[in-house]
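Letter by letter, the chains look like this.
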Amino acid sequence: MRPYELILKKREGHELTPDEIRAWIAGVTSGSFTDAQSAALLMAILFRGMTERETTALTQAMAESGRQVDLSSLPGVKVDKHSSGGVGDKTTLVLAPLVAAAGATVAKLSGRALGHTGGTLDKLESIPGIRVELSLPEFLDVVRRVGVAVASAGVDLAPADKKLYALRDATATVDAVPLIAASIMSKKLAGGADAFVLDIKVGDGAFLPEEEDALALARACVTIAHRAGRRAVAYLTNMDQPLGVAVGNALEVREAIETLKGGGPRDLRELVLVLGAEMVRLAGVESDEERARALLARLLDSGEAAARFQKMIEAQHGDPAVVDNPDLLPRAEVRVPVEAQERGFVQAIATRELGLASMALGAGRDRPGAPVDLAVGLEVVKKLGDLVEPGEPVAWIHARSREQAEAIRPRVLRAFRLGEARMTPPPLIRQRVAEGT
C-alpha cells in the first residue's frame, strides 16, 4: 500500500493492519516514507486515535527498527522501571540499587534531560569518573557482577522512535497518547527486560498534567506489555510539587545518597518503597507486598542499598567514595535564599516553573546535545501545606554567581502561592494500574 493510501485510510478513521504499520515504520527507518508523509499520518493518528491492536503493532515495529538487547544470559526475571518525567525525580538513583540489593536483576537503560524534567544519565555523570556510555558486553558484565547497571539506551535502540519523535515535536503531535505509549514501550521492549514498573507523573510538573490523560497512557503501556508477552504495572504519582527537596543533577545525587542510607525526604522514600515492592514482586523475589516493603526498608536503613550503589558506581568506573563523602560531587559557588514576603500556608507550587527555573540556571537543556551544568539547581524547602513566615526561605538557589541567582530569584518566588488556610497535600500515589484494571 502506498503512503498516500495509508494516510487516507487513517484520516477516514479506519484501523491500520499490523503489516501496514510495519511497512510505515520500515519506510521511516529507510527514508522511503518522507517526513511530510509521516507528519500527515501522525496528525491523522492524533485526531483519529489508534486501537489497542494498532498501538501494539506500532510499538513492536518501532522496537524492531534497531538493535534489541538480549538479556537471557542474565539470571532471573529482569525488571526495569520507567518514569514519564518530573521535577526533582531522582527515583531511579535510589530504586535501581535498592531493588538489586533485594536480589532482583535490574538492567536499566536511561535517557538524558530535555525540557523542564531531569535526566538520569546527567545526574549520574555528576559522579566523578562514572561511565554511562557502555557497550552491550560492558553493560551485561556490570549487571552480571553487581546485579544492576544504569546506562545509555544508545542511538541504535528503537531508531524509528527518534525519527518520529522529532517529527511529533515539529508538528504538535507529541501529546497523542498512543504515540506516547508506543514511544515509551518500544524502548522498553527493545531493552530486553521481562517486567516493567511505570511511574506516570500527574500534575503541574508532569508531562501530562491531567489525570485522565495519564490514566489512558498508563493503561496503554500496561496493555502493550501484556500483548508483547511481558508484565507491567503502572502507578499514577503526584507531580503538583517537586519530588523531595533537590532539583538539579549533583543536588539530586546527594539527596539520593541520603535516601539510600535510610534518610532523605519522606515522599522520595515512600515512592521508592511503593515502586520497589512492585519490582521485587514482579521479579519473584517476594510475593507479598508488605514483606517486600519491609525488606526494602531494612536494606535502606542498614546501608546495604547504599553499598550496592557504591558497587555499581565502581563497576561503571566512577569514584565510589562519593557515597561516603557527597562533598566530592560538583558544587555551585553560591547558595542564595528565596525568602517569603508574607506569612501564609503554601497552597500551590508552580512545579513546572521551578523545573524551567532550574533549567535556566543551566541544570537542564532545551535541545538535544546542549551542555548541562551539573552543580546548579534548587532546594525546595517548603512544600504544600507548610507554614511560611516572612523572611523565611521557601527555596535556595545554587548558582555560579550571585548575579545569576538574583536574576532567577523572582521567578522562583512567584512559583509559590501562599494563603491563610492550611491545605492538605494531595496523595503521592493516585492510582495503580495493572492488566485488566
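First things first, this report covers the structure right here in the doc. Treat the numbers as computed from the prediction; the structure is a model and nothing was measured.

### A short note on the layout of surface pockets
Quantified by volume, the second largest pocket comes out at close to 420 Å³. Looking at the second largest pocket, it is lined by 15 residues, and the ones nearest its centre are Gln241, Arg266, Asp267, Lys383 and Pro425. Looking at the lining of the second largest pocket residue by residue, the classes come out as 8 nonpolar, 3 polar and 4 charged.

### A closer look at helix α5 (residues 91-101)
Along α5, 11 of the 11 residues are buried, which leaves the element largely enclosed by surrounding structure. Residues of α5 that are buried include every one of Thr91, Thr92, Leu93, Val94, Leu95, Ala96, Pro97, Leu98, Val99, Ala100 and Ala101, and no others. Immediately beyond the C-terminal end of α5, within one or two residues, lies Gly103, with a positive phi of roughly 115°.

### Some words on the nonpolar core
Phe139, Val412 and Phe416 are the most contacted members of the largest nonpolar core, which totals 129 residues. Take this core: its biggest share by element is 10 residues, from helix α12 (residues 266-282). When neighbours within four sequence positions are excluded, Val412 is seen to be in contact with Val338, Leu354, Ala357, Leu378, Ala395 and Ile397.

### Considering unusual backbone geometry
Backbone geometry at Ala172 places phi at a positive 60°, although glycine is not the residue there. With respect to the secondary-structure elements, Ala172 resides in the loop between α8 (159-171) and α9 (177-190). Given a relative accessible area of 59%, Ala172 falls into the exposed group.

### What to know about a negative patch on the surface
The grouping of Asp175, Glu210, Glu212 and Asp213 at the surface amounts to a negative patch. By secondary structure assignment, the location of Glu212 is in helix α10 (residues 211-227). With relative accessibility at 67%, the residue Glu212 sits in the exposed group.

### Description of the sheet that holds strand β2 (residues 105-110)
As a general point, the strands of a sheet are linked pairwise by backbone hydrogen bonds and lie either parallel or antiparallel. Reading across from one edge, β3-β2-β1-β4-β5-β13 is the order of the 6 strands in this open sheet, with mixed pairing throughout. Either end of the sheet is taken by a strand with one partner, and the two such strands are β3 (148-152) and β13 (429-433). Across the sheet, the mean angle from the axis of one strand to that of its neighbour is 20°, orientation sign disregarded. Of the pairings in the sheet, the one linking strand β5 (residues 231-238) to β13 comprises 4 bridges and is antiparallel in character. Bridge pairing links Ala234 to Val433 in β13.

### Observations regarding the sheet that holds strand β7 (residues 334-339)
Reading across the sheet, the 4 strands line up as β6-β9-β11-β7 and stay open at both edges, with antiparallel pairing between neighbours. The open sheet is flanked by β6 (246-247) and β7, the only strands paired with a single partner. Of the pairings in the sheet, the one linking strand β9 (residues 377-380) to strand β11 (residues 393-399) comprises 4 bridges and is antiparallel in character. Residue Gly377 lies in a different strand from β11, and its bridge partner there is His398.

### A word on the pattern of salt bridges
Pairing between side chains becomes possible if they bear opposite charge and their charged atoms approach one another. Counted under the stated rule, the structure contains 34 salt bridges. Its salt-bridge partner being Glu278, residue Arg281 comes within 2.5 Å of it at the nearest N-O pair. Of this pair, Arg281 and Glu278 both sit in helix α12, separated by 3 residues, roughly a single helical turn. Glu278 sits in the buried class, given a relative accessible area of 4%. With its nearest N and O atoms 2.8 Å apart, the salt bridge here joins Asp373 to Arg400. Of this pair, Asp373 sits in the loop between α15 (351-361) and β9 while Arg400 sits in the loop between β11 and α16 (402-414), placing them 27 residues apart in sequence. Using a relative accessible area of 18% as the deciding quantity, one classes Asp373 as buried. The network of salt bridges with shared partners includes Asp80, Lys108 and Lys188.

### Comments concerning α12
In an α-helix, one turn spans 3.6 residues, which is why side chains three or four residues apart end up on the same side. Spanning 17 residues, α12 covers 24 Å between terminal C-alpha atoms, matching the ideal 24 Å at 1.5 Å per step. Along α12, 14 of the 17 residues are buried, which leaves the element largely enclosed by surrounding structure.

### Focus on empty space enclosed by the protein
For the structure shown, the criterion picks out 3 cavities of 30 Å³ or more. Its boundaries defined by the atoms lining it, the second largest cavity holds a volume of some 40 Å³. Contributing to the lining of the second largest cavity are Leu42, Leu58, Met62, Asp161, Leu164, Arg168 and Leu179. Residue assignment for the lining of the second largest cavity shows that the elements contributing at least two residues are α4 (52-63) and α8. Residue composition of the lining of the second largest cavity, grouped by class: 5 nonpolar, no polar and 2 charged.

Here is what the cut-offs are and how they apply
- Residues numbered from 1 in each chain as written.
- Predicted model: local features only at pLDDT ≥ 70, side-chain atom pairs only at ≥ 80, totals over all residues.
- Heavy atoms only, no water.
- 1 Å grid on protein atoms, 1.4 Å probe; cavity = no way out; pocket = protein on both sides within 12 Å on 5 of 7 lines; lining within 4 Å.
- Points joined across faces, edges and corners; volume = space filled by probe spheres on them.
- Nonpolar A, V, L, I, M, F, W, Y, C, P; charged D, E, K, R; others polar.
- Buried < 20%, exposed > 50% of the residue type's maximum accessible area, 1.4 Å probe, protein only.
- Helix = DSSP H or I, 4+ residues; strand = E, 2+ residues; numbered from the N terminus.
- Core = buried A, V, L, I, M, F, W, Y, C linked by side-chain atoms within 4.5 Å.
- Contact = heavy atoms within 4.5 Å.
- Patch = residues over 30% accessible without salt bridge, like charges linked within 9 Å, V, L, I, M, F, W, Y side chains within 5 Å.
- Areas by Shrake-Rupley, 256 points an atom, 1.4 Å probe, with all protein chains shown as cover.
- Salt bridge = Lys/Arg side-chain N within 4 Å of Asp/Glu carboxyl O.
- Lys, Arg positive; Asp, Glu negative; His and termini not counted.
- Charge placed at Lys NZ, Arg CZ, Asp CG, Glu CD.
- Pairing = 2+ DSSP bridges.
- Axes fitted to C-alpha atoms, helices over the stretch in contact; angles between N-to-C directions.
- Expected span 1.5 Å × (residues − 1).

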